[in-house]
Amino acid sequence: MENIITKNFVEAAENHYKEGVQQEPDNEVAEECLRMCLILERKDAPYIFFEDPILDLVKNYVVDTFDIGMIGFFNYDKLLSDENFIVFGTDGSGELIAIHRESNKIHMIDGYFEEICVLCNSSEDFLNNLIKIGHANIKKVSNEERSRLGKEIAVNPTSLGYYLNALGL
């Protein structure tokens, strides 16, 4: 059995790549940047189901080159953890992104595993937000629309800054 949330995320990321290439079919630089949306299945290990879609993603797919809005994931063997958090990625500016073990909320934390802010209430919400960010970036929506999207997906004022940065504002 596959994690359907993970599968949908991988398909949506692939669609971003295809849509972006169709918009600029002769732009090699754009195509190379868009390749960071592609997520490939791992072929070196059997699929192992994880209920959490982010853990399922990093365990079963090659994600170390993935990047939407400067947000990237670590491969499964590079995950960091302590008693409170499982760190699965970074925001591009050095802050870490982690799943809180008890609440399953997505947090931004610093290198000392201290919470900076809550980014999302679930892994599913976080993955959906990444797809929305990717869509906005590929469609080259206006700054006003980006700002509106950031306000829509932010769960608190601190996370708003994080999402606006991912949207290029």
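Below, the structure is looked at part by part.

Rules used in this analysis
Residues numbered from 1 in each chain as written. Predicted model: local features only at pLDDT ≥ 70, side-chain atom pairs only at ≥ 80, totals over all residues. Heavy atoms only, no water. Helix = DSSP H or I, 4+ residues; strand = E, 2+ residues; numbered from the N terminus. Rg over C-alpha atoms; globule rule 2.2 N^0.38 Å. Buried < 20%, exposed > 50% of the residue type's maximum accessible area, 1.4 Å probe, protein only. Contact = heavy atoms within 4.5 Å. Areas by Shrake-Rupley, 256 points an atom, 1.4 Å probe, with all protein chains shown as cover. Lys, Arg positive; Asp, Glu negative; His and termini not counted. Charge placed at Lys NZ, Arg CZ, Asp CG, Glu CD. Polar contact = N/O pair within 3.5 Å; in protein donor to acceptor, adjacent residues only side chain to side chain. Core = buried A, V, L, I, M, F, W, Y, C linked by side-chain atoms within 4.5 Å.

1. Details of the overall build of the protein
No. 1: Counting secondary structure elements, the protein contains 6 helices and 8 strands.
No. 2: Put simply, the protein runs from its N terminus to its C terminus through helices and strands in the order α-α-β-α-β-β-β-β-β-β-β-α-α-α.
No. 3: Here the protein has a C-alpha radius of gyration of 16 Å; the compact-globule value for 169 residues is 15 Å, and the two agree.
No. 4: Reported as C-alpha extents along the three principal axes, the dimensions of the protein are approximately 50 × 40 × 25 Å.
No. 5: Across the 169 residues of the protein, 43% fall into the buried class.
No. 6: Sequence separation of at least 24 residues holds for 42% of the intrachain contacts in the protein that already meet a minimum separation of 6.
No. 7: Surface exposure of the protein reaches about 9000 Å², of which carbon and sulfur atoms provide 50%.
No. 8: Charged side chains in the protein number 15 positive and 30 negative. The centres of these two groups are separated by 4 Å.

2. Overview of helix α3 (residues 53-60)
No. 1: Of all 8 residues that make up α3, 8 are buried, and the element is covered over most of its length.
No. 2: Burial in α3 covers these residues: P53, I54, L55, D56, L57, V58, K59 and N60.
No. 3: Of the residues flanking the start of α3, the one acting as N-cap is D52, its side-chain oxygen 2.9 Å from the backbone nitrogen of I54.

3. Observations concerning the nonpolar core
No. 1: If you look at the biggest cluster of nonpolar residues, it comprises 41 residues, and the most contacted ones within it are F73 and F126.
No. 2: Looking at which element gives the most residues to this core, the answer is helix α4 (residues 123-139), with 7 residues.
No. 3: Excluding residues within four positions of it along the chain, F126 makes contact with I54, I71, F88, I97, I106, L119, C120, Y162 and Y163.
No. 4: Judged by nonpolar contacts, the second largest core, of 7 residues, contains F74, V87, L96 and A98.

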